[in-house]
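# Understanding the architecture of this molecule
As a plain string of letters, each chain reads:
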Amino acid sequence: MLISVINTSKHPLPEYQTAHAAGMDVRANLDEPVTLKPLQRALIPTGLFLEIPVGYEMQVRPRSGLAYKHGIGLVNSPGTIDADYRGELKVLLVNLSDQEFVVQDGERIAQLVVARHETVAWQLVAALSDTARGAGGYGSTGRQ
Ligand SMILES: O=c1ccn([C@H]2C[C@H](O)[C@@H](COP(=O)(O)OP(=O)(O)OP(=O)(O)O)O2)c(=O)[nH]1
Ligand SMILES: [Mg+2]
């Protein structure tokens with residue numbers, strides 16, 4: 001699909017790293033590096049402004065390598081970019097490790113996945129259909 005984008009960053013547009021990747025890696029666009037102390041969070045700019053087609057959303061997801069090696073995640077994982085949003089795409093990083101982490105300009109900090117979504121209209125009812133699960137949840141089927 002085609003997505004209109006304005007790139008005010010110094011960096012290339014988000015890219016798929018392999019032929020059938022679901023996510024495009026997105027880069028930080030920074031004047032200077034950002035240091036995240038343990039448990040600190042920061043809204044990292046990308047310099048990108050998008051126009052996602054109506055009926056689609058963009059999810060901002062963590063990169064597993066940064067998560068595993070450095071404890072870097074997204075506070076709001078997955079972030080949701082709405083089709084009607086015209087502001088700058090930003091990435092809400094959090095440092096869940098016990099070491100400082102420095103985000104460098106141009107670093108691939110997260111990945112973007114585009115997905116279709118439905119738009120719901122509520123139908124108010126007095127009762128719902130019966131199922132075997134019923135209200136069971138939160139481990140109701142056991143661990144193994
Ligand atoms: O990781 C994110 C999450 C959101 N956004 C932008 C796009 C999105 O369309 C808008 C609003 O996001 P969301 O609905 O998650 O935030 P909110 O706290 O509900 O704010 P609002 O009241 O503006 O909807 O912020 C980002 O740039 N990055
Ligand atoms: Mg919102």
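All values reported here derive from a predicted model rather than from experimental measurement.

Criteria and thresholds
- Residues numbered from 1 in each chain as written.
- Chains lettered and ligands numbered in written order.
- Predicted model: local features only at pLDDT ≥ 70, side-chain atom pairs only at ≥ 80, totals over all residues.
- Heavy atoms only, no water.
- Core = buried A, V, L, I, M, F, W, Y, C linked by side-chain atoms within 4.5 Å.
- Buried < 20%, exposed > 50% of the residue type's maximum accessible area, 1.4 Å probe, protein only.
- Helix = DSSP H or I, 4+ residues; strand = E, 2+ residues; numbered from the N terminus.
- Pairing = 2+ DSSP bridges.
- Salt bridge = Lys/Arg side-chain N within 4 Å of Asp/Glu carboxyl O.
- UniProt positions renumbered as here; feature names shortened; annotations may be inferred.
- Axes fitted to C-alpha atoms, helices over the stretch in contact; angles between N-to-C directions.

In this section: the nonpolar core. With 26 residues, the main nonpolar core has Val60, Leu89, Val91, Leu93, Val103 and Ile109 as its most contacted residues. Top contributing element to this core by residue count: strand β5 (residues 41–51), with four residues.

Within strand β9 (residues 88–95), six of the eight residues are buried, leaving the element largely enclosed by the surrounding structure. Pairing of β5 with β9 involves six bridges; the strand directions are antiparallel. Each bridged residue has a counterpart across the sheet, and for Leu43 the counterpart in β9 is Leu92. By the bridge criterion, three bridges tie strand β7 (residues 72–74) to β9 in an arrangement that is antiparallel. Of the residues in β9, the one forming a bridge with Ile72 is Asn95.

Spatial strand order, β2-β3-β11-β6-β8: five strands in an open sheet with antiparallel pairing. Here the strands that pair on one side only, and so sit at the sheet edges, are β2 (15–16) and β8 (79–81). Summarising the sheet, strand β3 (residues 24–27) and strand β11 (residues 108–116) pair through four bridges and their orientation is antiparallel. Paired with Arg27 across the two strands is Arg108, which belongs to β11.

It is worth spelling out the pattern of salt bridges at this point. Taken as a whole and assessed by the stated rule, the structure comprises four salt bridges. Between Arg63 and Asp25 there is a salt bridge; the shortest N-O distance is 3.5 Å. A residue pair is termed long-range when its members are at least 10 positions apart, and Arg63 in the loop between β6 (56–61) and α1 (64–70) and Asp25 in strand β3 qualify at 38 residues. Taking the relative accessible area as the measure of exposure, Asp25 reaches 7% and is therefore buried. One salt-bridge network, held together by shared partners, links Asp25, Arg63 and Arg108.

All right, on to the UniProt feature "binding site: substrate" (unreviewed entry) in the chain then. UniProt marks Arg63, Ser64, Gly65, Asn76, Thr80, Ile81 and Asp82 with the feature "binding site: substrate" (unreviewed entry), using the numbering shown here. A maximum C-alpha distance of 26.4 Å among these annotated residues, which run over 20 residues, shows that they spread across the structure rather than meeting at one spot. Within the element layout of this structure, Gly65 appears in helix α1. The class of Gly65 is partly exposed, set by a relative accessible area of 33%. Relative to the assigned elements, Asn76 resides in the loop between β7 and β8. With relative accessibility at 36%, the residue Asn76 sits in the partly exposed group.

Spatial strand order, β1-β5-β9-β7: four strands in an open sheet with antiparallel pairing. Two strands bound the open sheet, and with one partner strand each, they are β1 (4–7) and β7. The sheet shows a mean angle of 45 degrees between the axes of neighbouring strands, taken without regard to direction. As judged from the four bridges shared by β1 and β5, these two strands associate in the antiparallel manner.

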